[in-house]
Amino acid sequence: MEIMMQLAGSSLPDQPRQQGIVERLPHAASAVHGIADGPAFREGGGSPSTRILFPCNREDALLLLASASVTAGFSGGDVRLPVKDGKLVFVEDGLRSSESDLLADGQVENFPLLVELAQDSIPLANMQVGHDRITGLRFRNQEEADQFRYRPVEEFDTRAFECTAEPELFLLDGEPRFEIRKKTDDQLSRSWDKFDRICGGISEVLNLVRLQPRCIKAAADLLTLVDSASREKDLSCLMRTAAGDGDADCDRVAVQVTSVFQELPRSGARASTIISLLRDALLEVPAGDASQAERESRWADVAREVAADRRIMDGHLLSDDGSIFLRAALLASMVNDARSVEAFMRSEKPAGPQVSVAAAFLAGLKRGILDMPWKSKGPNIRLLSHLASELSDAGSTATGVLADVFRLRREAADGHDVCQVEAMGVSIGSWKEVPTFSGPDASPESVTVETGAMYQADELSESGSEPDSVDGPACETQPAAGLHGGGAAPSSQEGELIESMTLAGGLAVTVTYSETSTGRKYVVLRHFPVGGEKARKRKELHEYSQKEGIFWRPVNIESAESFSLCHESADIPGEEVLGILSEQLEEARNACFERPKTRGRKPKSAASQQTPGLPL
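Residues numbered from 1 in each chain as written. Predicted model: local features only at pLDDT ≥ 70, side-chain atom pairs only at ≥ 80, totals over all residues. Heavy atoms only, no water.

Colleague: What is the right way to look at the overall build of the protein in this model?
Modeller: In terms of helices and strands, the protein carries 19 helices and 22 strands. Relative to its full complement of 616 residues, the protein shows a buried share of 52%. Taking the contacts inside the protein whose residues are at least 6 apart along the sequence as the reference set, 69% of them involve residues at least 24 apart. As displayed, the protein offers around 27300 Å² of accessible surface, 47% of which is attributable to carbon and sulfur atoms. (Helix = DSSP H or I, 4+ residues; strand = E, 2+ residues; numbered from the N terminus. Buried < 20%, exposed > 50% of the residue type's maximum accessible area, 1.4 Å probe, protein only. Contact = heavy atoms within 4.5 Å. Areas by Shrake-Rupley, 256 points an atom, 1.4 Å probe, with all protein chains shown as cover.)

So, in structure tokens, the structure goes:
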């Protein structure tokens, strides 16, 4: 399954990009555009043939296009940025020979090229280069175009844009109309670094949700800045702190952890070094009570043992039952990307969704978008480019921009609520919540019971669906086949048996079609107790059914004959999804089935004899 996190019309990079959500502004009329000249666009606009071209050279382009957005504050390396009065310069008629020489700086491999942007997509007050605006790359000849296109680098896919030879764009005469940036403005540099890192954190969270859809609710808390009732579990504190919009209500540990990861060198740091920095940061802002300080000291001791390979890091240390931020910091100090985080969610004792989402965000903060492999950032790059552009707008607050980009919508349906997370009006995931009552006169309390499916970018593209605008209605999509969480909807009716199948490990399931009261068909997979197994106590089953992100839900717990574990899907799952379901089914069996007792005592494994996990 692929997460839908790209701007409309951008899922296939080699196709002409459709006009998306970027605000349309008047055409430029002058040959060179820079904010320092006054208004970058003349009133009344220019001719329909006006072009917006950003000058650079081959080597710099490989680095610049690896970032989410290029501004005058770009600090990701030593590049020859064309500027005028400290602002990026754009041309509409091409390059002069003197300007090509300025960009190449005497290096043959640094041949000039022009990055072409959509004609009406450059904001007046914030001129920059982003993937959501680029329409193609223009070269002096086909040989140089091929040299660029077939130069492999890990951080950027040179096939992402059309590369064409337009020699007439490089034959102008005259003196240079811009200069090469000599020194980076410290404030602009810090701003670019901060927002590039935030985009890196967001990209890894989106990647984790794609790999583990049951993380969608925790991701929603972080991305949509939803306040938690518990400060110690308020994931939005990570985002607020990283954006510089944190306040006194944010958890102290969350603030210190985020600050450490956001300031780590992009070249990387050893896990032991990160843990020492975290410990020092916590000591700089003392805990409110002695017991908390003691717990943090013990956490540092255990974390050092993990870093030295003297302790196993698994669900004992990474579940959601303790300090989310310290546990996430431990995991993020050991890994660099969402795929590595996700591996801990698939272990015998898995990491919790909240810890995993927080760890993925912190891992992304460590290196940002610029240094992230293209395979990690590519699926999200157009959205992140737009986000980076909005974040760097001096007139906007970071949290205000994030609140506009990521939104949580809740709709009532058939006795439950459907919670849907959207990015720029496009759904990226959902889950169901049903009200529970603690007594006859109690008010309903929302409890998560089912994780929703993800939506595929290629499905949206092929159907021609896309959001009307940033504030417009969400596009209509169909759920991708695969993980939809467990349990039938309250109004569903069981249908006829389709087939029986055996999952990995020899676990048998039945497959049936069911239909809701509205006529929508779906597939139900059921697994029944075998070999003398029976249901655990009702209280245990009820508690398990209320856990976040479970794929199999206990149903018919009142009947010993029909009690089973249930999973819903839009269609019969494919091989890859069945593998995930097999793993999750074994977890559900352990939680819901009581096995028949056997004689003798099974020796403890080395892992089971370890000291219990973190006290936090």
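Colleague: Mind showing me how you'd approach helix H16 (residues 398-405) here?
Modeller: Because each turn of an α-helix spans 3.6 residues, side chains separated by three or four positions end up pointing in the same direction. Among all positions in H16, only Ala398, Thr399, Val401, Leu402 and Val405 are buried. Projected onto a plane normal to the axis of H16, the buried residues spread over an arc of 155° and lie on a single side. Of the surrounding elements, those touching the buried residues of H16 are helix H4 (186-211), helix H5 (216-223), helix H6 (236-243), helix H15 (381-391), strand E12 (406-413) and strand E13 (416-423). (Arc of directions from axis to C-beta.)

Colleague: I tried to follow the environment of Val70 on my own but got confused; where do I start?
Modeller: Within the secondary structure layout, Val70 lies in strand E3 (residues 69-70). In the structure, Val70 is positioned 318 residues away from Ala388 in sequence and 9.2 Å away in space, judged by C-alpha atoms. Setting aside chain neighbours within four positions, we find Val70 in contact with Leu64, Leu81, Leu88, Gln128 and Val129.

Colleague: Explain the packing of aromatic side chains to me, please; I cannot follow it from the model alone.
Modeller: Pairs of aromatic rings are described using the distance from one ring centre to the other and the angle between the two planes. Evaluated as defined, the whole model comprises eight aromatic pairs. With a centroid separation of 5.8 Å and 50° between ring planes, the pair formed by Phe54 and Phe90 is classed as tilted. Residue Phe54 is located in strand E2 (residues 52-57), and its partner Phe90 is located in strand E6 (residues 90-91); the two are separated by 36 residues in the primary sequence. You'll find Phe54 and Phe90 in the same group, each marked buried. Grouping aromatic residues by their ring pairs yields a cluster made of Phe111, Phe139, Phe148, Phe156, Phe161 and Trp374. (Phe/Tyr/Trp six-rings, centres within 6.5 Å; stacked < 30°, edge-to-face > 60°.)

Colleague: I tried to follow the side chain of Asp193 on my own but got confused; where do I start?
Modeller: Looking at where Asp193 falls in the secondary structure, it is placed in helix H4. One polar contact links Asp193 to Arg266, side chain to side chain, over a distance of 3.0 Å. Beyond its immediate chain neighbours, meaning those up to four positions away, Asp193 contacts Ser75, Gln262 and Arg266. (Polar contact = N/O pair within 3.5 Å; in protein donor to acceptor, adjacent residues only side chain to side chain.)

Colleague: Any chance you could explain the nonpolar core here in plain terms?
Modeller: Nonpolar side chains in soluble globular proteins tend to be buried together. In this structure, Phe148, Ile202, Phe261 and Leu387 are the most contacted members of the largest nonpolar core, which totals 116 residues. Setting aside chain neighbours within four positions, we find Phe261 in contact with Arg197, Ile274, Leu278, Ala329, Ala332, Ser333, Leu362, Leu365 and Lys366. Counting residues in each nonpolar core, the second largest holds 21 residues, with Val509, Tyr544, Leu578 and Phe593 among its members. (Core = buried A, V, L, I, M, F, W, Y, C linked by side-chain atoms within 4.5 Å.)

Colleague: Please clarify how the pairing of strand E18 (residues 521-527) should be interpreted in this entry.
Modeller: Successive side chains on a regular strand alternate, one facing one side of the sheet and the next facing the other. Burial of E18 is extensive: six of the seven residues sit out of reach of the surface. Inspection of the sheet shows E18 paired to strand E21 (residues 564-569) by five bridges, in the antiparallel sense. When the sheet's bridge partners are listed, Val523 is paired in E21 with Ser569. (Pairing = 2+ DSSP bridges.)

Colleague: Quick question: what am I supposed to make of the sheet that holds strand E11 (residues 179-180) here?
Modeller: By way of backbone hydrogen bonds, the strands of a sheet pair with one another, either parallel or antiparallel. Judged by pairing direction, the sheet is antiparallel, and its three strands sit side by side in the order E5-E4-E11 without closing on themselves. Edge positions in the sheet fall to strand E5 (87-88) and E11, since each of these pairs with one other strand and no more.

Colleague: Help me out: how do you make sense of the packing of H6 against helix H7 (residues 252-262) in this one?
Modeller: Between H6 and H7, the least distance of the axes is 9 Å, while the angle of their chain directions is 50°. Relative to H7, the element H6 is oriented oblique. Remark: the crossing between H6 and H7 carries right-handed chirality. Within the contact between the two elements, H6 uses Cys237, Leu238, Thr241 and Ala242 and H7 uses Ala254, Val255, Thr258, Ser259 and Gln262. Here the contact of H6 with H7 is composed, by residue class, of five nonpolar, four polar and no charged. (Axes fitted to C-alpha atoms, helices over the stretch in contact; angles between N-to-C directions. Parallel < 35°, antiparallel > 145°, perpendicular 65-115°, else oblique. Left-handed = near helix turned anticlockwise from the far one by under 90°. Nonpolar A, V, L, I, M, F, W, Y, C, P; charged D, E, K, R; others polar.)

Colleague: Explain the packing of H7 against helix H8 (residues 271-284) here, please?
Modeller: Two packed helices can be described by the angle between their axes and the distance between those axes. It is the contact of H7 with H8, at a shortest axis distance of 9 Å, that shows an interaxial angle of 135°. Between H7 and H8, the angle falls in the class oblique. Once H7 is placed against H8, the crossing between them reads as right-handed. From H7, Arg252, Val253, Gln256, Val257, Val260 and Phe261 reach across to H8, where they touch Ile274, Leu277, Leu278, Ala281 and Leu282. For the contact of H7 with H8, the per-class residue count stands at nine nonpolar, one polar and one charged.

All quantities given are derived from atomic positions and should not be read as evidence of function.
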